[in-house]
Structures are given as structure tokens and as C-alpha cells.
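Chain by chain, the residues:
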Amino acid sequence: MDRAQIDQVRRFNRTVTERVGVLHDRYLGRDRPIGEARLLWEIGERGQDVRVLRERLGLDSGYVSRLLRSLETGGLVTVEPQPEDRRVRTVRLTEKGRTERALLDDRSDELAGSLLGPLNTEQRARLVAAMAEVDRLLTAGTVTLDVVDPDHPDARHCLLSYFAELQERFDTGFDPARSLLPDAGELRPPRGLFLVARLHGEAVGCAGVKLPAGAPAEIKRMWVAPRARRLGLARRFLTELEARAAGHGYDTLRLDTNKTLDAAISLYHSFGFREVPAFNDEPYAHHWFEKRITPAPPAGPVPPSRQ
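Residues numbered from 1 in each chain as written. Predicted model: local features only at pLDDT ≥ 70, side-chain atom pairs only at ≥ 80, totals over all residues. Heavy atoms only, no water.

On to the pattern of salt bridges. By the definition in use, this model includes 22 salt bridges. Between Glu42 and Arg56 there is a salt bridge, and its shortest N-O distance comes to 3.8 Å. One end of the pair, Glu42, is in helix 2 (residues 34-43); the other, Arg56, is in helix 3 (residues 50-57), and 14 residues separate them in sequence. Residue class for Arg56 comes out partly exposed when judged on its relative accessible area of 31%. Residue Glu55 pairs with Arg51 through a salt bridge whose shortest N-O separation is 3.3 Å. Remark: Arg51 and Glu55 occur in helix 3; sequence separation between them is four residues, near one turn of the helix. Residue class for Glu55 comes out partly exposed when judged on its relative accessible area of 33%. Each of Arg38, Glu42 and Arg56 takes part in one network of salt bridges that share partners. (Salt bridge = Lys/Arg side-chain N within 4 Å of Asp/Glu carboxyl O. Helix = DSSP H or I, 4+ residues; strand = E, 2+ residues; numbered from the N terminus. Buried < 20%, exposed > 50% of the residue type's maximum accessible area, 1.4 Å probe, protein only.)

A word on the packing of helix 8 (residues 233-247) against helix 9 (residues 262-270). The interhelical angle for the contact between helix 8 and helix 9, taken along N-to-C directions, is 45°, at an axis separation of 11 Å. What the angle tells us is that helix 8 and helix 9 run oblique. Regarding helix 8 and helix 9, the two cross each other, and that crossing is right-handed. Every residue of helix 9 that contacts helix 8 at Ala234, Arg235 and Leu238 is listed here: Leu267, Tyr268 and Ser270. Among the residues forming the contact of helix 8 with helix 9, the class breakdown is four nonpolar, one polar and one charged. (Axes fitted to C-alpha atoms, helices over the stretch in contact; angles between N-to-C directions. Parallel < 35°, antiparallel > 145°, perpendicular 65-115°, else oblique. Left-handed = near helix turned anticlockwise from the far one by under 90°. Contact = heavy atoms within 4.5 Å. Nonpolar A, V, L, I, M, F, W, Y, C, P; charged D, E, K, R; others polar.)

Looking at where Thr252 falls in the secondary structure, it is placed in strand 8 (residues 252-257). For Thr252, a relative accessible area of 6% gives the class buried. Within the local environment of Thr252, its side chain forms a polar contact with the side chain of Arg292, the two groups lying 2.9 Å apart. Setting aside chain neighbours within four positions, we find Thr252 in contact with Pro216, Ala217, Glu290, Lys291, Arg292 and Ile293. (Polar contact = N/O pair within 3.5 Å; in protein donor to acceptor, adjacent residues only side chain to side chain.)

This is the structure we're talking about:
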């Protein structure tokens, strides 16, 4: 990042905070700060767990607790432990809270209209399109990639969702028992690793890499949830797994895929993979890819410290 990019981001932040009114203690003309207003929106009609609210908004537990106490004191929400696990607290809107949220929605619509009103039709379209792009990119920046055990609940959730999608998309359906699925041990260090992508704490994608001795590294089971697509996660997975394989000294990265996965095939070509003859007998594979990568140099001796 260069200085000009940093300056532009700061100018954008200053303009947005001024125009949407977050500098005021009374957001949207109401007697509450933006943090409380945002909580009312996120709680929703069905209520929400406090833990989910913290993860969704990226706030620490102490701050969320203070906001909830204020809303509870005002009669806008109730906070109750779940009967099956009293450590889990659920927040629900009261009738007064629903009325307040509806008013905030109306005021928010008015604010949006005030931003668009002074612009002509072309400018409005450009602003809305730019906002959509900024929203997508900022959301992409909140996704984390974490190394997890293949038997972790988030990993299992992603894999089951992946298999269900393949069942729908493949002409022949998909039976995991017929596929050359790596066992969990092949995706655990040191034989491999497994990544899970999380958006606001929710698992939205996965990818693994096998690191066998005496053979190329191999990417397995890469999937991104439909709602998280167009965030660049597949390319991010490939970049991370390539770096991990190179860090372990591999100079070749492999993968296979099905002919129906057009977007994946295009991605692999654009990422520098080339098609090669079949290197396994995966029954669901129609294309096999390989990419030469640069292995990381071995770590040298630590130089002696200077006294």
C-alpha cells in the first residue's frame, strides 16, 4: 500500500461518517448512538444470540454488554439465557423495540434519499454501483482463513455442504464413498492442512492441501458457500495453499476437477495451472491441472547476535 492509497481511504472515511451522521450522539435524530441503533437492526424479528451479535459486528463482549444494558433499561430488548444452555444468552426485541426499529428504518430511508436526491440519474446509478462494490470489497476483507482440524464442526459443515452441491450439479450425482476423498490424517500437519473461511464467525468455505512425501502437493475439497461468492475467496484459498506448499519445499501443485465446474476451471487457468494427463483415477474428475511453484528456500543458520 502506498501513501496515496492510505490518504484516499482516510478521505473516504471522513466523507462517509459526515454524510451518514455517525459523528452525532443522536443517530438519525433519535436519542441513541449508532451502536445501539445497529444492534436493534441486527437483533431482527426472531432475536439473536449475544455471541452472534458480537461476531457479526466485530465488537468486544464488554461493549456489547453495555449497549444491551442500555437497550434493556429503555425497555427495547429482553436478554434471557437459553433453557438448554444458560451460558448462551438470547436477545429479543420488545414491542417498544420493534416500534423503535421501524422508526429507524424510516429515518434511514430518508437519509438514503437525501444522499441520492441532489444527484442526477446517471450519478445516482454510479454512486449505487460504487457503494455495492465497496460493500463487496469491505466484506471480503472481513473474512478470515483459519487452519482447523478436518474433523472440526466447521470443517464438517463445509464438506457436507460441498458434497450436497456436487450431488445437485454433477450429471451422475455425487457419492462420497466412490470419490477419492483424503482421510482426515492426510489433511492434518505434517501430511497436509485444512483451511476454513469464516465471515462474521460463520464458516463459508474450505480448502485442503495434501503434502505427501515424494509427490507433488495436491489441493483437495475447495468450496465457497453461494452467499460468499464474488468475494475472491477461491483465489485467496489458492494463494494461501500455494504459499503453504512452497513453504514446505514443494515445487509442484496439483488438483483435479469435474467438467461441470466451469467457473473453477476458468479460475485454475487464470491462476497459472495447466492441464496435464490424469494423475489419479478419481471417478468424478474430467480435468487434471498442475502448476510449477517456487519452493521457499530452506531456513539458514541463525546469525550470531552482535554484542
